[in-house]
Amino acid sequence: MVIVKNLTKTFKLSRQQKREMGEGFTGNTVDAVRDISFTCHPGRVFALLGPNGAGKTTALRMIATMLKPTTGTISVAGFDTVQQSQDVRTHLGFLTGNTGLYDRLTPNEMVKYFADLHGLDGATFKTQRDHLFNLLDMNEFANRRIGKLSTGMRQKVSIVRTIIHDPDVIVFDEPTNGLDVVTSRNIVRIIRDCKEAGKTVIFSTHRMGEVNQLSDDLAIVHQGKLCYNGPFETFKSQMQTPTLEDEFIRIIEEA
Amino acid sequence: MNYIWIIFKKELKDITRDRRTIITMIIVPMLLFPILTTIATKIISSQTKKAQTKTLVVGLITYNNDTDFRNILQSREDLTIVENITEAQIDTLIQSDSLDAVIRFSENFTAQVKNLEPGDIHLHFKSSKDLNVTRNRLTELIKEYEKTLLNERFAHLNLERSVTEAIKTHRHDVASKQEQFGKTVGGIIPYIFILFCFTGCMYPAIDLGAGEKERGTLETLLTSPVRHLHIIIGKIGVIALSGLTSASIAFLGIVLAAVVHPEIATRLLNNVSETFNIAHMSFLVLALFIPIIVISLLLLPLAIFFASLLMAISIFAKSFKEAQSQMSPLTIVILLPVFIGILPGIELNVFTALIPVLNLSLATKDIISGTISPWLLVEVYSSLILISMLSLTFCVKWFEREDVIFRES
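Another point: the sheet that holds strand 10 (residues 225–231) of chain A. Residue and element names in this part refer to chain A. Strand order in the open sheet formed by 6 strands is 6-7-8-3-9-10, with mixed pairing between adjacent strands. Strand pairing shows two members of the sheet lacking a second neighbour, strand 6 (92–96) and strand 10, which therefore form its edges. Averaged over all pairs of adjacent strands, the angle between strand axes in this sheet comes to 15°, irrespective of strand direction. As paired strands, strand 7 (residues 169–173) and strand 8 (residues 200–205) are joined by 5 bridges and run parallel to one another. Opposite Val169, over in strand 8, you have Thr200 as the bridge partner.

In structure tokens, the structure reads:
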């Protein structure tokens, strides 16, 4: 489970960044995330939806302990992200649209590296690796350098890297960015599999179609603020516009 | 500690699979000196041979002084004499390469010689071409002529040539061969070590810092349960190892160059001392074994210092290119103390032993000579360890800053 309470993240701006904000901007800081709260439950998919620059990635980075909240708290699998950050990362898997792979390593080496970093013993690693490589049909290219793999193959490696240590919480940050429909299916499938395995799954997106396909719970973020937070079924039942995209835009504009 | 080893192993595997790293870390240092010396030797040798065997066209102005010198010049097959020129034409004729040189006697040359005074002979030449071979060839001929004049003079005065020698100096150098070698050649070695250690660290630092940021793999790494401290130490370990490897291979490259071109080694050793020769090298190889070990131990904290400094710059940069452009000017900053260390009059003392890079440069000379004070050696080592620990600590703190890690383009 992930519990986010009154989360705020304020960034100090450099001189150049202040200039880029425009002449009317007079402050020294910008609030990327403003007092948001939500809970993600095990066995359910939580979608974080918002336009570009809404604060989704910042929120997810705070959940993954890469950034520290300015105020508020986050609890991941019972551990505080600031006080117990190492424990959080032990129980968390994080995947971004940028696959984050080492081109000069093979999939085997890449997955082994992260398994070692997560403290997996040899036997557990082998069992997990064999299971996931078979599931995603990766044995054929397991010893080929990652730089020589297709986008779809790289995405599979990234997925295995994310879940090799069988985390309780898995975060997907815009995982289908830049992927075609066929390659995106792997992501969709893995998200469903993780949900069915009782994991807490959070994914961020700016595509309504993915939300409709996958999510059980929904939070809409715009300019760092939470515009909607609740079950997706409730969101659909309260729609005031004919399509999900229109409803999303309506909520954003009202915020 | 285990995490550091896991990261170190992976980064080492990753970096050694990169072609650019292999080229900059191993191939360039190994081949640079042998190739440069081969090219330089071949060009110099070919140019020198060409200049030495070329038939010189030499102008001769004697102002009607009847001398044997014309006969000496005319008897030479490698010279062509041109006599119908004036003093005013000399510069133009040589500059335009119509003449290689001009030999001009003073108008009262014969009278000077008869009066037992030195006769004036003016040798006009262009120094900017042919490595001064023309000047040297003609100077030899003039010396030959001077010898005949002196023999005549002494015979006329009924004196032996040895009367011109009032003193015969016998030089005795109490410095050992090792000391002589150290004080001259020892100045070049730190230059090579330090330069290649620094450049050997540079590329891996860029790849392991800014390169990871650019490829998006840093974010992935930060989601693992490894502390930032362990990540940065693992990476710095690989970068420092790369610098040390590069320095060692550069040193081997110099040895290889000396083996391939022993004539250069001989010339260098002759510059050390007129009594030095290749036979002394076999003795020196054994005598230098321990100094090389000591220098390598000094190089270790320096490599860590370089690695930490470069990693801090790399992790701050938004991209590979930015890191590269920020690091390149540092090469001059690093070489400045090395250059100061080569200057005469700069010695290793209590104060210079505290200044990083300069202290290693000066200490290397004294270590190779076998004359270093143990207390100064301890001071140098302490200074280098201190600067390496400070830079490592700074790099670790720097890596923990969100505005540094997530500084993106």
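This structure, assessed with the given rule, holds 2 cavities of 30 Å³ or more. If you add up the space inside the largest cavity, you get close to 50 Å³. If you go around the largest cavity, the residues you meet are Leu92, Gly93, Phe94, Phe114, His118, Arg161, Thr162 and His165 of chain A together with Thr220, Thr223 and Ser224 of chain B. Breaking the lining of the largest cavity down by element, the ones donating at least two residues are strand 6 and helix 6 (151–163) of chain A. Split into classes, the residues belonging to the lining of the largest cavity amount to 3 nonpolar, 7 polar and 1 charged.

A word on the packing of helix 11 (residues 228–260) of chain B against helix 14 (residues 289–316) of chain B. For any two helices packed against each other, the geometry comes down to the angle between their axes and how far apart the axes lie. All names here are of chain B. Running from amino to carboxyl end, helix 11 crosses helix 14 at an angle of 135°, the nearest separation of the two axes being 8 Å. One way to sum up the angle between helix 11 and helix 14 is to call them oblique. Where helix 11 crosses over helix 14, the handedness of that crossing is right-handed. Contacts between helix 11 and helix 14 pair Ile232, Lys235, Ile236, Ile239, Ala240, Leu244, Ala247 and Phe251 from the former with Ile292, Leu299, Leu300, Ala303, Ile304, Ala307, Ser308 and Met311 from the latter.

Here the focus is the sheet that holds strand 1 (residues 2–12) of chain A. Residue and element names in this part refer to chain A. Strand order in this open sheet of 4 strands is 2-1-4-5, and the pairing throughout is antiparallel. The strands lining the two open edges of the sheet, one partner per strand, are strand 2 (29–40) and strand 5 (79–80). Pairing of strand 1 with strand 2 involves 8 bridges; the strand directions are antiparallel. Across the sheet, residue Ile3 finds its bridge partner in strand 2, namely Thr39. Here helix 2 (residues 56–63) sits on the sheet and contacts strand 1, strand 2 and strand 4 (71–76); the angle it forms with strand 1, its principal contact strand, is near 115°.

A word on the packing of aromatic side chains. All names here are of chain B. In this structure the tally under the stated criterion is 16 aromatic pairs over all chains. Consider the rings of Phe69 and Tyr145, whose centres lie 5.1 Å apart with planes at 50°: the pair is tilted. Pair noted here: Phe69 is in helix 3 (residues 69–74) and Tyr145 is in helix 6 (residues 133–157), with a separation of 76 residues, a long-range link. On the basis of relative accessible area, Tyr145 is assigned to the buried category, the value being 4%. The lysine or arginine in question, Arg407, covers the ring of Phe316, its NZ or CZ lying 4.0 Å from the ring centre.

Time to look at the interface of chain A and chain B. Counting residues at the interface gives 27 residues for chain A, matched by 26 residues for chain B. Summed over both sides, the interface between chain A and chain B buries roughly 2700 Å², with carbon and sulfur atoms accounting for 54% of that surface. The largest contributions to the chain A side of the interface with chain B come from Tyr102, Arg104 and Leu117 of chain A, which together make up 28% of the buried area. Summed over the shared surface of chain A and chain B, the result is 7 salt bridges. Residues Arg17 of chain B and Glu109 of chain A are paired through a salt bridge, measuring 2.7 Å at the closest nitrogen-oxygen approach. Elements supplying a minimum of two residues to the side of chain A that touches chain B: helix 3 (85–90), strand 6 and helix 4 (107–117) of chain A. In terms of residue count, helix 4 of chain A provides more of the side of chain A that touches chain B than any other element does, 5 residues in total. Partitioning the side of chain A that touches chain B into residue classes produces 10 nonpolar, 8 polar and 9 charged.

Bringing the confidence of the model for chain A into the picture now. Scored by pLDDT, chain A comes out at a mean of 89, with 99% of its residues at no less than 70. Here helix 1 (residues 15–20) of chain A is the element of chain A with the lowest mean pLDDT, 75, and helix 4 of chain A is the one with the highest, 96.

The next point concerns a nonpolar patch on the surface. On the surface, Ile23, Ile27, Val28, Leu31, Leu32, Ile35, Leu36, Ile39 and Ile43 of chain B cluster together to form a nonpolar patch covering roughly 720 Å² of accessible area. Along the chain, the position of Ile23 of chain B falls in helix 2 (residues 19–53).

All right, on to the pairing of strand 6 of chain A then. Residue and element names in this part refer to chain A. In terms of residue burial, strand 6 counts as a mostly covered element, since 5 of its 5 residues are buried. Here strand 6 shows two buried faces, one formed by Leu92, Phe94 and Thr96 and the other by Gly93 and Leu95. With 5 bridges connecting them, strand 6 and strand 7 associate as parallel partners. Following the sheet pairing, Phe94 is matched in strand 7 by Val171.

Moving on to the nonpolar core. Formed by 147 residues in total, the largest nonpolar core has its most connected members in Ile63 of chain A together with Phe306 of chain B. At 13 residues, helix 14 of chain B tops the list of elements feeding residues into this core. Leave out the neighbours within four places in its chain, and Ile63 of chain A touches Val2, Val4, Phe38, Ile74, Val76, Thr81, Val88, Leu92, Val171 and Ile202 of chain A. Residues Ile72, Ala101, Leu138 and Ile142 of chain B belong to the second largest nonpolar core, which totals 17 residues.

Residue and element names in this part refer to chain B. Across chain B, pLDDT averages 84, with 90% of residues at or above 70. Within chain B, the element-level pLDDT minimum falls on helix 13 (residues 279–287), averaging 58, and the maximum on helix 1 (residues 2–16), averaging 94. For this predicted complex, the interface score ipTM comes out at 0.87, while the overall pTM is 0.82.

So, how was this worked out
Residues numbered from 1 in each chain as written. Chains lettered and ligands numbered in written order. Predicted model: local features only at pLDDT ≥ 70, side-chain atom pairs only at ≥ 80, totals over all residues. Heavy atoms only, no water. Pairing = 2+ DSSP bridges. Helix = DSSP H or I, 4+ residues; strand = E, 2+ residues; numbered from the N terminus. Axes fitted to C-alpha atoms, helices over the stretch in contact; angles between N-to-C directions. 1 Å grid on protein atoms, 1.4 Å probe; cavity = no way out; pocket = protein on both sides within 12 Å on 5 of 7 lines; lining within 4 Å. Points joined across faces, edges and corners; volume = space filled by probe spheres on them. Nonpolar A, V, L, I, M, F, W, Y, C, P; charged D, E, K, R; others polar. Parallel < 35°, antiparallel > 145°, perpendicular 65-115°, else oblique. Left-handed = near helix turned anticlockwise from the far one by under 90°. Contact = heavy atoms within 4.5 Å. Phe/Tyr/Trp six-rings, centres within 6.5 Å; stacked < 30°, edge-to-face > 60°. Buried < 20%, exposed > 50% of the residue type's maximum accessible area, 1.4 Å probe, protein only. Lys NZ or Arg CZ within 6 Å of the ring centre and 35° of its normal. Buried area = accessible area lost by both parts, 1.4 Å probe. Salt bridge = Lys/Arg side-chain N within 4 Å of Asp/Glu carboxyl O. pLDDT = per-residue confidence, 0-100. Patch = residues over 30% accessible without salt bridge, like charges linked within 9 Å, V, L, I, M, F, W, Y side chains within 5 Å. Areas by Shrake-Rupley, 256 points an atom, 1.4 Å probe, with all protein chains shown as cover. Core = buried A, V, L, I, M, F, W, Y, C linked by side-chain atoms within 4.5 Å.

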